[in-house]
Amino acid sequence: MQKILNYVNGQLMPPNKGMYLENYNPAEGKVYSLLPNSDESDVALAVQAGQTAFVEWSAMPLAKRAAILQKIADLIDRDADKLALAESIDQGKPLKLAKAVDIPRASANMRFYATASMHVSSESHLMEGEAINYTTRTPIGVAGCISPWNLPLYLFTWKIAPALAAGCTVVAKPSELTPMTAFLFSELCIEAGLPAGVLNIVHGLGSKVGQAIVEHPAVAAISFTGGTLTGKTIAATAAPMFKKLSLELGGKNPNIIFADCDFEGVISTSIQSSFSNQGEICLCGSRILVERSLYDRFVATFVSRAKALLVGNPLEEQTQLGALVSEGHLKKVMSYIDLAKQEGGKVECGGVQVKLAGRCADGYFVSPTVITGLDQQCRTNQEEIFGPVVTIMPFDTEEEAIAFANATAYGLSATIWTENLKRAHRVAHQLKSGIIWINCWLLRDLRTPFGGMKQSGVGREGGWEAMKFFTEAKNVCVKI
Ligand code: NDP
């Protein structure tokens, strides 16, 4: 059986203690490879390598650093089909989606930050006749990057690309559920000539490897994407050491639909924003709020379109929803569907595990599920499910829509559908979410700030925000 290896100090190596974890193919419900069950001794080696490499990497001319990152992007493009297949097998997502979104974005992330590093300019502030201030930004040192399982290589590169471009070295941990493409990525880094120790990838459990990265005194900054509870643990660990923290956490995003919307646009995009990647995207709109005059028509059309979605073998071209990432996650999603029923919800479609024939007979498949009849405060509408499950609720006024939309502890993203642009802006300004889409969803410009309010996170990624996160400002004041 294939053994995934750690990538430490430029070498692919087994974990110190020789222990491994089983890695499942979620579409088959079977173990298909092993990954290192690393511990703090592996993390210590990786941090040491990062500290040593920092001296050369942070001083390397920008153009040379950028060229290496560009080369990694070229190699991702060259191996796009292989990486997409690996991502689909490891995560359960449709191969078609991995080819169209995950892998192209991974390469785009590397390219975007490789070039961004060439365009950073420093600030200066003149105090007329008195002094001039200039501000330098220097890389913070060894950064810890911890990423989740839903968009494995996409989010892994979204963190490490700005860190490396800013001149930091990195100790990274992918989710133990989806380690494969990060492993393949480490092979590409070696081929691209990334100097030893600049990027180190330590595989294993969050509670061991992730925790050890966060606790290590020589790791100066932590960039984490994952669940809100894990984010709390990380913040509590890192705060007494005054580490810089960027936390991209969960969401319970509202999709607000006014009666004057472009109806066909709303339906087709809402199907995507509800069920893409089996609903395992932090930006999915899991609470659909519809103006009452449109409610019945919306529910009828949306439900019939959701019923028509094909849940199937992720490797087949026509499949629209693949497998959930793990058996544990499948149980969690199913438990929320049970909870919704107990809370008085009506399951309009789905709500069941899908049993496929043949190779995927033991896979973790759930049908797209639409629930109505719940109030805003129930647990189903307050807690993140992170699966192919959405609720639909009516509202009567703009004020009520805004109040419902803001009525959770989360504040990651929101979508607004209306042809009335004044109203769109008005509502957008009152929503307590870090990312708002008007008449679209998941349209991403990598230069824009990305992140959530309230319990959806701390800090912003994307564009200069990420470059600033991985650097420290120093102001120098010179008397004239
Ligand atoms: P988790 O919080 O369980 O895990 C995220 C990562 O953190 C994994 O690599 C995990 O390792 C690791 N980890 C777990 N415990 C610790 C710890 N104590 N110290 C350090 N690292 C630790 O999230 P999931 O992987 O389940 O991802 C789903 C969540 O991610 C959802 O809540 C989703 O909303 C959120 N998310 C947010 C996004 C955003 O941009 N805001 C984007 C995508 C997802 P291991 O897997 O081994 O446990």
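Since this is a predicted model, take the numbers as computed values, not measurements. (Residues numbered from 1 in each chain as written. Predicted model: local features only at pLDDT ≥ 70, side-chain atom pairs only at ≥ 80, totals over all residues. Heavy atoms only, no water.)

Participant: Could you clarify how one ought to interpret the overall build of the protein chain in this entry?
Facilitator: Counting secondary structure elements, the protein chain contains 15 helices and 25 strands. Expected size for 480 residues packed as a compact globule is a radius of gyration near 23 Å; at 23 Å, the protein chain falls within 12% of this value. With the principal axes as the frame, the protein chain shows a C-alpha extent of 65 × 65 × 40 Å. Within the protein chain, the proportion of its 480 residues that are buried is 58%. (Helix = DSSP H or I, 4+ residues; strand = E, 2+ residues; numbered from the N terminus. Rg over C-alpha atoms; globule rule 2.2 N^0.38 Å. Buried < 20%, exposed > 50% of the residue type's maximum accessible area, 1.4 Å probe, protein only.)

Participant: What's the story with the side chain of threonine 135 in this structure? I'm lost.
Facilitator: As for its placement among the helices and strands, threonine 135 is situated in strand 7 (residues 131–139). Note on threonine 135: relative accessible area 12%, which makes it buried. Within the local environment of threonine 135, its side chain forms a polar contact with the side chain of asparagine 475, the two groups lying 3.2 Å apart. What threonine 135 contacts, discounting residues up to four positions off in sequence, is Ser122, Glu123, His125, Ala473, Lys474 and Asn475. (Polar contact = N/O pair within 3.5 Å; in protein donor to acceptor, adjacent residues only side chain to side chain. Contact = heavy atoms within 4.5 Å.)

Participant: It is not clear to me how the sheet that holds strand 18 (residues 369–372) should be interpreted in this structure. Could you clarify?
Facilitator: Each strand in a sheet pairs with its neighbour through backbone hydrogen bonds, running either in the same direction (parallel) or in the opposite one (antiparallel). Taken together, seven strands build an open sheet; the order of strands is 15-18-19-14-13-21-22 and the sheet is mixed. Two strands lie at the open edges of the sheet, namely strand 15 (346–349) and strand 22 (435–438), each paired on one side alone. Taken over all neighbouring pairs, the strand axes of this sheet differ in orientation by 25 degrees on average, direction set aside. Sheet topology note: the strand 13 (residues 254–257)/strand 21 (residues 413–417) ladder contains three bridges and is parallel. Directly across from isoleucine 257, in strand 21, lies its bridge partner tryptophan 417. Across the sheet, helix 10 (residues 292–307) touches strand 13, strand 14 (287–291), strand 15, strand 18 and strand 19 (389–395), and the angle it forms with strand 14 is around 140 degrees. (Pairing = 2+ DSSP bridges. Axes fitted to C-alpha atoms, helices over the stretch in contact; angles between N-to-C directions.)

Participant: So what exactly am I meant to see when it comes to the site of the ligand here?
Facilitator: Taken together, 30 residues lie near the ligand, and Glu176, Thr230, Leu249, Cys282 and Glu384 sit nearest. Within the side chain of glutamine 211, a nitrogen or oxygen atom sits 2.9 Å from a nitrogen atom of the ligand. Interatomic distance of 2.6 Å between a side-chain N/O atom of threonine 230 and an oxygen atom of the ligand. Considered on its own, the ligand offers 900 Å² of accessible surface; in the complex 88% of this is hidden by protein. Sorting the residues of the shell around the ligand by element identifies helix 7 (206–215), strand 11 (219–225) and helix 8 (228–238) as the ones contributing at least two each. When the residues that make up the shell around the ligand are grouped by side-chain class, the tally is 13 nonpolar, 13 polar and four charged. Structurally, the shell around the ligand is a two-domain feature, drawing no fewer than three residues from each of domain 1 (2–249 + 456–479) and domain 2 (254–445). (Near = heavy atom within 4 Å. Areas by Shrake-Rupley, 256 points an atom, 1.4 Å probe, with all protein chains shown as cover. Nonpolar A, V, L, I, M, F, W, Y, C, P; charged D, E, K, R; others polar. Domains from an automatic or database assignment.)

Participant: What exactly am I supposed to notice about the domain arrangement of the protein chain here?
Facilitator: You'll often see interface size given as the accessible area lost when the parts meet. You can read the domains of the protein chain as domain 1 (2–249 + 456–479) and domain 2 (254–445). Look at where the C-alpha atoms of domain 1 and domain 2 centre, and you get two points 30 Å apart. Each side of the interface is counted separately: domain 1 has 28 residues, and domain 2 has 29 residues. Buried surface at the junction of domain 1 and domain 2, both sides included, amounts to about 2300 Å², of which 55% is carbon and sulfur. Considering only the surface of domain 1 that becomes buried against domain 2, Ala27, Trp149 and Ser456 emerge as the three largest contributors, covering 22% of it. At the surface where domain 1 touches domain 2, the tally comes to one salt bridge. Note that arginine 359 and glutamate 28 form a salt bridge whose closest N and O atoms lie 2.3 Å from each other. Summed over the shared surface of domain 1 and domain 2, the result is 10 residue pairs in polar contact (both at pLDDT 80 or more). Breaking the side of domain 1 that touches domain 2 down by element, the ones donating at least two residues are strand 4 (20–25), helix 3 (80–91) and helix 4 (95–116). In the side of domain 1 that touches domain 2, the residues fall into 13 nonpolar, nine polar and six charged. (Buried area = accessible area lost by both parts, 1.4 Å probe. Salt bridge = Lys/Arg side-chain N within 4 Å of Asp/Glu carboxyl O.)

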